[in-house]
2 protein chains.
Amino acid sequence: MSAASVVHAAPLVPVLAIVGVGLIGGSFAAALRDGGAVGRVLGVGRQPSSLARARELGLIDEAVTLEQAAQQADIIFLSTPVGATETILSRLKPTLRPGTIVTDAGSTKADVVEAARAALGGHIGQFIPGHPIAGAESTGPEAADASLYRGRTVVLTPLDENTSEAKTRLTRIWESCGARVMVMDPQVHDTVLASVSHVPHLLSSVFMWQVATAHDSDIRMALAGSGFRDFTRIAAGSPEVWRDIFLANRSAVLAELQEVKAALNRAEQALQDADGEELENFLERAALARRFWGSRSGLT
Amino acid sequence: MSAASVVHAAPLVPVLAIVGVGLIGGSFAAALRDGGAVGRVLGVGRQPSSLARARELGLIDEAVTLEQAAQQADIIFLSTPVGATETILSRLKPTLRPGTIVTDAGSTKADVVEAARAALGGHIGQFIPGHPIAGAESTGPEAADASLYRGRTVVLTPLDENTSEAKTRLTRIWESCGARVMVMDPQVHDTVLASVSHVPHLLSSVFMWQVATAHDSDIRMALAGSGFRDFTRIAAGSPEVWRDIFLANRSAVLAELQEVKAALNRAEQALQDADGEELENFLERAALARRFWGSRSGLT
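Throughout this description, residue numbers start from 1 for each chain and increase along the sequence as written. Starting at A for chains and at 1 for ligands, labels are handed out in the order in which the entities are written. Predicted model: local features are reported for residues with pLDDT of at least 70 only, side-chain atom pairs are reported and counted for 80 or more only, and whole-chain, interface and lining totals are derived from all residues. To get the side-chain values, all heavy atoms of the structure are used, and hydrogens and water are removed first.

A. Highlighting the overall build of chain A. Under the DSSP-based scheme used, a helix requires at least four consecutive residues in state H or I and a strand at least two consecutive residues in state E, with every element numbered from the N terminus. Of the regular secondary structure elements, chain A holds 13 helices and nine strands. For chain A, the spread of C-alpha atoms along the three principal axes comes to 70 × 40 × 40 Å. Out of the 300 residues belonging to chain A, those deemed buried represent 54%. A total accessible area of about 12300 Å² is found for chain A, and carbon and sulfur atoms account for 49% of it. Of the side-chain charges in chain A, 27 are positive and 33 negative, and the distance between the mean point of each set is 6 Å. The rule is simple: take the accessible area with a 1.4 Å probe, protein chains only, and divide by the maximum for that residue type; under 20% is buried, over 50% is exposed, in between is partly exposed. Residue burial considers only the protein chains on display, and all accessible areas are found by Shrake-Rupley using a 1.4 Å probe. Two residue types count as positive, namely Lys and Arg, and two as negative, namely Asp and Glu; His and chain ends fall outside the count. Here the site of a charge means atom NZ of a Lys, CZ of an Arg, CG of an Asp or CD of a Glu.

B. Structural view of the domain arrangement of chain A. All names here are of chain A. As annotated, the domain borders come from an automatic or database domain assignment. For chain A, the assigned domains are domain 1 (3-184) and domain 2 (188-297). Put simply, the middle of domain 1 and the middle of domain 2, counted by C-alpha atoms, are 32 Å apart. Within this document, salt bridges are pairs made up of a side-chain nitrogen of Lys or Arg and a carboxyl oxygen of Asp or Glu, the two lying within 4 Å of each other. Viewed at the interface, domain 2 and domain 1 are joined by zero salt bridges. Residue polarity follows a fixed list, in which Ala, Val, Leu, Ile, Met, Phe, Trp, Tyr, Cys and Pro are nonpolar, Asp, Glu, Lys and Arg are charged, and the others, Gly among them, are polar. In terms of residue class, the side of domain 1 that touches domain 2 is made up of six nonpolar, five polar and four charged.

C. Looking closely at the UniProt feature "transmembrane region" (unreviewed entry) in chain A. UniProt positions are given in the numbering used here, feature names are shortened, and annotations may be inferred rather than shown by experiment. UniProt's feature table lists "transmembrane region" (unreviewed entry) at residues 12-32 of chain A, given in the numbering used throughout. The distance from the first to the last C-alpha atom of residues 12-32 of chain A is 9 Å, and the span holds 48% helix and 33% strand.

D. View of the sheet that holds strand β7 (residues 130-132) of chain A. All names here are of chain A. Read from one edge to the other, the open sheet built from three strands follows the order β7-β8-β9, with strand pairing classed as mixed. A strand with exactly one partner marks an edge of an open sheet, and here the two such strands are β7 and β9 (180-183). On average, adjacent strands in this sheet sit at an angle of 20° to one another, irrespective of strand direction. Here strand β8 (residues 153-156) pairs with β9 via four bridges, running parallel. Each residue of the ladder has a partner; that of V154, found in β9, is V181. By definition, two strands form a pair when at least two bridges between them are found by DSSP. Here the axes come from fitting lines to C-alpha atoms, over the contacting stretch only for helices, and the angles between their N-to-C directions go from 0 to 180 degrees.

E. The arrangement of the interface of chain B and chain A in detail. Each partner contributes residues to the interface: chain B has 87 residues there, and chain A has 87 residues. Two parts placed together each lose some accessible area under a 1.4 Å probe, and the buried area is that loss summed for both. Regarding the contact of chain B and chain A, the summed buried area is about 8200 Å², with carbon and sulfur atoms giving 71% of it. Of all residues in chain B, the largest losses of buried area upon contact with chain A belong to W209, L223 and L271 of chain B, amounting jointly to 9% of the total for that side. At the surface where chain B touches chain A, the tally comes to eight salt bridges. Contact between two residues is taken to exist if any of their heavy atoms lie within 4.5 Å; hydrogens are not considered.

F. Quick peek at the relation of the copies chain B and chain A. Relative to chain A, chain B is turned by 180° and slid 0.0 Å along the rotation axis, the superposed coordinates differing by an RMSD of 0.1 Å. Look at the turn and shift together and you get a two-fold axis relating the two. Minimal C-alpha distance to the rotation axis in chain B is attained by F231 of chain B, lying at 2.2 Å. Alignment of copies: least-squares fit on C-alpha atoms of residues with pLDDT of at least 70 in both copies.

G. Representation of the pairing of strand β2 (residues 38-44) of chain B in the model. All names here are of chain B. Most of β2 is tucked away, with five of its seven residues classed as buried. Note: strand β1 (residues 13-19) against β2, six bridges, orientation parallel. Each bridged residue has a counterpart across the sheet, and for L16 the counterpart in β2 is V41. The path from the first strand over the helix to the second decides the hand: if it runs clockwise while the strands point away from the viewer, the crossover is right-handed. Once you follow β1 into helix α2 (residues 23-34) and on to β2, the crossover reads as right-handed. Bridging between β2 and strand β3 (residues 62-63) involves two bridges; their strand directions are parallel. Note on β3: the bridge partner recorded for L42 is E62. Crossover handedness for the path β2 to helix α3 (residues 48-56) to β3: right-handed.

In structure tokens:
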């Protein structure tokens, strides 16, 4: 193979459409552009100002409708609240080209699969559900970052109807963004995310709510330090997005919460009993696990 | 006043002794040095290697015994686990000079006051309890930072026996480190810290323990992202230090925990009922409060 043929080879994704050009979608486009893996990028969104900004930033080449995206794109990436999935897919379906792969970035997967089946019917094989485990406090196209997915995990929960060719292609696309792909069952995904993402968000928000509504909240806030800052950071997240996540993954979150409450009762009992040894054992197990995770995750 | 007389004026603290030269004590010494507010710095500690390192780093001028510190220092700063307070003060007492002020940096105050009364007896007026609301994940003299207290709150819980002169002097010293001083009752301090520091630490540790001991902890850890990282960061803290804090502030922590559990039960009920409006209201209140705190605290 000559150098010239490499240069002129079609990019991995000739035409990409991003539905919802914020941090997640914008970063996906930026990462593919950075790696020379994309030809043309189309953007779909409800806010013209946001699309204009995405074009100024070079994240997208053109703002289009959902119908145009369906007609033109090779890969369609949904980075919208999970509650909007069914509506969006229903609008994509009539003009969707046969070879196009549609994927998403939603935080829950079982409900997305259900919505996709309802919307796409016989075209369901073209939809591969996904969830990149990456994010940041910042939002919007300005926050888009070509390195957001580097070293991060992307979960795919493929359907029986997906072809192995399509799955391989989407895996290569994510790998070209620097991510590692894990394949799992949607239910397993949702159970695990209930544990490591949704329950912590609930606890952080409940705690923040309790402090904010206390009669002496002013003095509490005045004495809150860096531990409080870290523990409550996620509570600042979008109420609408998180309401949808909790509702979509309700039974897994409730089940996981029971486990955490049982552990909390044990710790509380040790404190009631002033059992220093039991307290220290439990604190030590937690500290060692957290330090080990921190050294492995690349996230600290 | 001529410039020369300013240059030759005695520093705010002619001789400072730091008991426990780690992040907290080392940063106090570094901040005072940075501001030209200290003459000579003595260091007391159990680990000769740590003291040698503190001297190499220029945090202390000399390593001394507790007895020598009591004889020579104008200000003695205890930055040791709160459980050690009584023993240290008992050893300082016999050689303590009348004008010397002893203060501390302990995370709980009612138990420290009790320990100080038991140890110092008639000399209790020389002890002013304190708690700088500052810290970091890092520990040891290497982590010492002259700017650690800049813009941070330092709580003093003075005793009836403290002279106003001594209280004013200690306030000036903290202000010269860039901190703002808040004066409050030790019980109020302990109640507020139970809320904004101790309960979050307990929740974070309980959660981390539950994830780490789950049968499928490997896959959970693999899918944990930046929200998990922030929420569990405090769980990596020293098990010994936190065991002491929980035991020292047991009743306030248990009382505060009841409030948080009541709030958790309400949120859980809303989720059980799939009550999206109630969920969103509660998430929104928490998010707004956290964002407001973040914009005010200077900690985000």
